[in-house]
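Below are the chains, spelled out letter by letter.
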Amino acid sequence: PKVEPEVQQRSSSGAMATMVSVTAILLLIVSEFAYYRTVDVVYEYSVDVDMSRGLNLTLDITVAMPCQHLGADYIDVAGKSSDAMQWFIPEDAHFELAPNQVEWVQRVAAVREQEGAHGLDSLQRFLHGGMRDPMPDAEPPLLGAKTACRLHGTMPTNKVTANFHITAGRSIHHLRGHSHMAGTVPAEAVNFSHRIDHLSFSEEHAGAHTLDGDVKISDSHHTMYQYFLKVVPTATQRLDQTRPFRSNQYSVMEQTRNIEPVFGASGMPGIFVKYELEPVSVSVKERRRSFAQFLISLCAIVGGIFATSGMLHQLLSGAVAPEKPSLEIPASPK
């Protein structure tokens with residue numbers, strides 16, 4: 001009910017408490033509205049039990065060797081061994097890059113440097129990043145003979161630990177695996193300098209993956225490049241997406257070895273990609289608070305401020321209130 005003016009008592013302490021209360025309420029309402037408009041990124045970790053989820057190896061690599069001298073193979077711990085050349089398209093190419101292609105590599109490298117070149121890919125990029133454009137055609141066109149080989153395509157694989165490698169010469173597959181026919185390739189033709197334009201285990205080319213734009217140059221004919229990958233099943237979902245985008249991010253460790261026979265090293269020249277799957281999956285979602293939560297927070301703010309201001313007013317009025325004079329009652333005459 002409305003308080004009548006004749007019973008109201010105005011004071012400086014009451015005015016001060018009112019000003020402080022109104023200012024606090026306005027500031028907290030603005031802050032609460034800003035928080036309501038922000039989007040929270042929620043990370044969830046769980047054991048990966050989705051065995052039906054496929055794993056596709058998408059590759060776009062250029063090796064400084066003619067296509068006729070290259071072979072690609074896949075073998076996993078389940079015993080599957082296959083000729084990977086049936087999945088990848090070989091094309092004669094230039095290993096050198098045109099100016100516009102160099103700019104593309106530099107842009108990809110800048111993204112990798114910003115997010116951590118050899119760490120687990122930033123999952124927030126997959127929330128906000130768009131589709132990555134492939135390497136453009138050379139402008140102006142490169143002249144001269146095409147002495148390199150570009151392999152690109154997508155290969156379906158088992159969801160187990162596996163080894164994918166590119167070596168000199170084609171392979172012969174048998175019951176125990178496969179055998180490399182490296183002796184049919186001239187030693188002077190072997191050069192595994194390479195450029196990885198794209199390597200992922202995802203269906204879509206979103207963002208720049210860890211090894212995109214990686215370039216390795218070697219003057220030796222006996223260089224062995226090894227990449228050890230840890231693949232993590234991931235799922236990201238923005239507010240405007242009805243279903244999550246499933247991908248497989250990876251971290252990588254690299255090793256380069258010179259296996260010339262005079263040094264007694266074992267192995268063979270080539271590019272070896274060995275990957276293992278982590279048993280833990282990561283889910284990243286965008287989430288915003290509901291409007292009901294926003295209203296409840298506003299009610300809590302207003303009610304709390306008014307209750308606090310009432311107590312503050314009582315304290316201030318008690319501290320500054322003047323002392324009232326005592327009234328003396330005259331004695332009655334006898």
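In the block above lies the structure referred to throughout.
Residues numbered from 1 in each chain as written. Predicted model: local features only at pLDDT ≥ 70, side-chain atom pairs only at ≥ 80, totals over all residues. Heavy atoms only, no water.

Let's shift gears to the state of the cysteines. A complete count under the given rule lists 1 disulfide for this structure. Bridging cysteine 67 to cysteine 149, the disulfide has an S-S length of 2.1 Å. Torsion about the S-S bond of the cysteine 67 and cysteine 149 cystine: about 100°, corresponding to right-handed handedness. Remark: cysteine 149 occurs in strand β6 (residues 148-157) and cysteine 67 occurs in the loop between β2 (55-63) and β3 (70-76); sequence separation between them is 82 residues. Cysteine 67 sits in the buried class, given a relative accessible area of 11%. (Disulfide = S-S within 2.5 Å. Helix = DSSP H or I, 4+ residues; strand = E, 2+ residues; numbered from the N terminus. Buried < 20%, exposed > 50% of the residue type's maximum accessible area, 1.4 Å probe, protein only.)

Attention shifts here to the side chain of threonine 167. Turning to its location among the elements, threonine 167 is positioned in strand β7 (residues 162-168). Discounting chain neighbours no more than four positions away, the residues touching threonine 167 are His69, Leu70, Gly71, Asp73, His180, Phe192, Met268, Pro269 and Phe272. (Contact = heavy atoms within 4.5 Å.)

With that settled, the discussion passes to the environment of leucine 151. Examined against the element boundaries, leucine 151 turns out to sit in strand β6. Expressed as a C-alpha distance, the spacing of leucine 151 and alanine 72, which sit 79 residues apart in the sequence, is 9.4 Å.

On to the nonpolar core. Phe164, Ile166, Phe192, Leu199, Phe201, Tyr227 and Leu229 are the most contacted members of the largest nonpolar core, which totals 37 residues. Put simply, the parts of the chain that give this core at least two residues each are β2, β3, β6, β7, β10 (194-200), β12 (223-237), β13 (245-258) and β14 (270-277). For this core, the leading source of residues is β2, giving 5 residues. Those residues in contact with phenylalanine 192 that sit more than four places away from it in its chain are Val63, Met65, Leu70, Ile166, Thr167, Ala168, Thr223, Tyr225, Pro269, Gly270 and Ile271. (Core = buried A, V, L, I, M, F, W, Y, C linked by side-chain atoms within 4.5 Å.)

The buried fraction of β3 amounts to 6 of the 7 residues, a majority that puts the element mostly inside the structure. Across 7 bridges, the pairing between β3 and β7 is antiparallel. Of the residues in β7, the one forming a bridge with tyrosine 74 is phenylalanine 164. As paired strands, β3 and strand β4 (residues 81-83) are joined by 3 bridges and run antiparallel to one another. If you follow isoleucine 75 over to β4, its bridge partner there is serine 81. Hairpin geometry of β3 and β4 is characterised by an intervening segment of 4 residues between the two adjacent antiparallel strands and by a positive phi of about 95° at glycine 79. (Pairing = 2+ DSSP bridges.)

Here the focus is the packing of aromatic side chains. When we look at a pair of aromatic rings, we describe it by the centre distance and by the angle of the planes. Taken as a whole and assessed by the stated rule, the structure comprises 8 aromatic pairs. On the basis of an interplanar angle of 65° and a centroid distance of 6.0 Å, the ring pair of phenylalanine 33 and phenylalanine 294 is categorised as edge-to-face. Of this pair, phenylalanine 33 sits in helix α1 (residues 12-37) while phenylalanine 294 sits in helix α4 (residues 291-320), and the two are 261 residues apart along the sequence. You can call phenylalanine 294 buried: its relative accessible area is 8%. Site record: aromatic cluster; members linked through ring pairs are Phe33, Tyr36, Phe291 and Phe294. In this structure, arginine 195 is placed above the aromatic ring of phenylalanine 95, and the distance from its NZ or CZ to the ring centre is 5.8 Å. (Phe/Tyr/Trp six-rings, centres within 6.5 Å; stacked < 30°, edge-to-face > 60°. Lys NZ or Arg CZ within 6 Å of the ring centre and 35° of its normal.)

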